[in-house]
Amino acid sequence: MKKNLTRRPGGGNGLGYALLAPATVLLLVMSVYPLLNGFWLSMTNRHLLKPKQNDFVFLDNYITLFQDKEFFGTLAFTFAYTFCVVAISYVAGLALALALNRNVPGRGFFRAVFLIPWVIPPVVAIINWSYILNDQFGIINIILQSLGLIDKPILFLGDYALIRPTVVLVSAWKQMPFMMITLLAGLQSVPRELYEAAQIDGSGFWHTLFHVTLPMLRPVTFISTLLSFVWTFNSFENIWLLTSGGPNGYTFTLPILSYYTAFFRQKISYASTIASTMVVVMMILSVIYFRIQFRGEREPRLRKGRLKTDE
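Residues numbered from 1 in each chain as written. Predicted model: local features only at pLDDT ≥ 70, side-chain atom pairs only at ≥ 80, totals over all residues. Heavy atoms only, no water.

### So, the overall build of the chain
Then, number 1: Assigned secondary structure in the chain consists of 14 helices and zero strands.
Then, number 2: Written out in order from the N terminus, the α and β elements of the chain read α-α-α-α-α-α-α-α-α-α-α-α-α-α.
Then, number 3: Seen through its principal axes, the chain has C-alpha atoms that stretch 80 × 70 × 50 Å.
Then, number 4: Here the chain, with 311 residues, has 34% of them falling under the buried criterion. (Helix = DSSP H or I, 4+ residues; strand = E, 2+ residues; numbered from the N terminus. Buried < 20%, exposed > 50% of the residue type's maximum accessible area, 1.4 Å probe, protein only.)

Encoded structure:
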């Protein structure tokens, strides 16, 4: 007698939910609970040196935060730092992806070499950069002085005019391979017929880049820049290991300011307020970025629809 192998709608889902339950619980414990606990701490007056002090103060910390000049200065630098790192790494990654997408000798070797900054652990990479940029025994200063290009060492990590561009360039160097590999994957999915048609029409390199390559890379660009923005905005180790936020807080970003406030100033609740505000800012910016991207994808479709209706 044949068994009835048909499954009733909704039947057999209990096993699937049971298998998902451990991972779901772990995700809630490791991600959601710290987030909610951080928001709760931001509404208290918790102090690291006063463990029994845990009074509910509601929005007092947020009111103080929005009157804090240090916070707004740090927020401005965080935005500038993130934008510059993403822009520089994208341009450099796109240039390398375009070069490595061609049939050049040793293409596989160069792809592996340019991935080195990405695969090196951040701690190792940044500590090496701190030695390279050192004003006493850094190799950059040694080479420049030996060539007679400078009379005295350059204070890459001590000069107010140089330290911010320095941390931006080091972070962009670390982020560039991710951009390169994702854009290279996007380039390899672009139909060759489009380039052949553009070549027949007499399009030059720049015209082809802006009217064929970049429009076809738009989905990849959206994902890679969004991820890079989130990672850079939340980045802690790059600047902390290089400058510790100095000199005098000049290279503080929001994650570093939150850490410094919690463990050096012992203000746990105020540090949680900074971190919670950072989460809200990231969510708002992500929503805006998604809306801009979807609007950009929707307009060409609407134009095509209008053209069809007009015909």
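There is more to say after this.
### Description of the nonpolar core
Then, number 1: Membership of the largest hydrophobic core comes to 27 residues, with the highest contact counts inside it found for Tyr81, Val170, Phe233, Ile239, Leu242, Leu254 and Ile274.
Then, number 2: Mapped by element, the contributors of at least two residues to this core are helix H3 (69–100), helix H6 (122–132), helix H8 (160–187), helix H12 (237–243), helix H13 (254–263) and helix H14 (268–310).
Then, number 3: Those residues in contact with Tyr81, other than ones at most four positions away along the chain, are Val167, Val168, Ser171, Thr232, Ser235, Asn238, Ile239 and Thr253.
Then, number 4: Judged by nonpolar contacts, the second largest core, of 15 residues, contains Tyr90, Leu94, Leu98 and Val190. (Core = buried A, V, L, I, M, F, W, Y, C linked by side-chain atoms within 4.5 Å. Contact = heavy atoms within 4.5 Å.)

### Points about the packing of aromatic side chains
Then, number 1: On inspection of all chains with the given rule, the structure shows 25 aromatic pairs.
Then, number 2: Geometrically, the ring pair formed by Trp118 and Trp231 is tilted, given 5.9 Å between the ring centres and 40 degrees between the ring planes. Taken together, the positions of Trp118 in helix H5 (residues 116–119) and Trp231 in helix H11 (residues 218–233) put the pair 113 residues apart, joining distant regions of the chain.
Then, number 3: Note on Tyr131 and Phe137: the rings are 5.8 Å apart at their centroids and 40 degrees apart in plane angle, and the pair reads as tilted.
Then, number 4: Cluster of aromatic residues (ring-pair linked, three or more members): Phe236, Trp240, Phe252, Tyr259, Tyr260, Phe263 and Phe264.
Then, number 5: The ring of Tyr250 has Arg164 sitting right over it, with the charged end atom 3.9 Å from the ring centre. (Phe/Tyr/Trp six-rings, centres within 6.5 Å; stacked < 30°, edge-to-face > 60°. Lys NZ or Arg CZ within 6 Å of the ring centre and 35° of its normal.)

### Thoughts on the packing of H8 against H11
Then, number 1: The contact between H8 and H11 brings their axes to 10 Å, and the two run at 165 degrees. The orientation of H8 with respect to H11, classified from their angle, is roughly antiparallel. Classified by chirality, the crossing of H11 by H8 is right-handed. Judged by residue contacts, Gln175, Phe178, Met179, Thr182, Leu183 and Gly186 of H8 engage Val220, Thr221, Ser224, Thr225, Leu227, Ser228, Trp231 and Thr232 from H11.
Then, number 2: Of the residues that constitute the contact of H8 with H11, the class distribution is six nonpolar, eight polar and no charged. (Axes fitted to C-alpha atoms, helices over the stretch in contact; angles between N-to-C directions. Parallel < 35°, antiparallel > 145°, perpendicular 65-115°, else oblique. Left-handed = near helix turned anticlockwise from the far one by under 90°. Nonpolar A, V, L, I, M, F, W, Y, C, P; charged D, E, K, R; others polar.)

### Some points on the pattern of salt bridges
Then, number 1: Enumeration over the complete set of coordinates arrives at one salt bridge.
Then, number 2: Across the pair Glu70 and Arg265 runs a salt bridge whose closest N-O atoms are separated by 3.0 Å. Taken together, the residues Glu70 in helix H3 and Arg265 in the loop between H13 and H14 connect sequence positions 195 residues apart. (Salt bridge = Lys/Arg side-chain N within 4 Å of Asp/Glu carboxyl O.)

### Some words on the confidence of the model for the chain
Then, number 1: Per-residue confidence for the chain averages 85 on the pLDDT scale, and 91% of its residues sit at or above 70.
Then, number 2: Highest mean pLDDT in the chain belongs to H3 (94); lowest belongs to H14 (75). (pLDDT = per-residue confidence, 0-100.)

### Examining H13
Then, number 1: By the criterion of burial, H13 is predominantly enclosed, with seven of the ten residues buried.
Then, number 2: Of the positions making up H13, those classed as buried are Leu254, Pro255, Ile256, Leu257, Ser258, Thr261 and Ala262.

### Side note on the environment of Trp206
Then, number 1: When you line up the elements, Trp206 lands in helix H10 (residues 205–216).
Then, number 2: Taking the C-alpha atoms as reference points, Trp206 and Leu149, 57 residues apart in sequence, are found 36 Å from one another.

### What to know about the environment of Leu133
Then, number 1: Mapped onto the elements, Leu133 comes out in the loop between H6 and helix H7 (139–146).
Then, number 2: On the accessibility criterion, Leu133 (5% relative accessible area) is buried.
Then, number 3: Taking the C-alpha atoms as reference points, Leu133 and Ile154, separated by 21 residues in sequence, lie 8.5 Å from one another.

### Things to note about H11
Then, number 1: Along its 16 residues, H11 runs 22 Å from first to last C-alpha, staying within 8% of the 22 Å computed at 1.5 Å per residue.
Then, number 2: Those residues of H11 not exposed but buried are Thr221, Phe222, Ser224, Thr225, Leu226, Ser228, Thr232 and Phe233. (Expected span 1.5 Å × (residues − 1).)

### Here we look at unusual backbone geometry
Then, number 1: The residue after Gly246, namely Pro247, is reached through a cis peptide bond having omega 0 degrees.
Then, number 2: Examined against the element boundaries, Pro247 turns out to sit in the loop between H12 and H13.
Then, number 3: Notably, Gln266 is not glycine yet its phi reads approximately 65 degrees, a positive angle.
Then, number 4: By the secondary structure assignment, Gln266 is in the loop between H13 and H14.

### Section: a nonpolar patch on the surface
Then, number 1: Taken together, the side chains of Phe109, Phe110, Val113, Ile116, Trp118, Val119, Ile223, Leu227 and Trp231 present a nonpolar region at the surface, about 820 Å² in accessible area.
Then, number 2: Listed by contribution, the elements that provide at least two residues to the nonpolar patch are helix H4 (107–114), H5 and H11.
Then, number 3: Structurally, Phe110 is set in helix H4. (Patch = residues over 30% accessible without salt bridge, like charges linked within 9 Å, V, L, I, M, F, W, Y side chains within 5 Å. Areas by Shrake-Rupley, 256 points an atom, 1.4 Å probe, with all protein chains shown as cover.)

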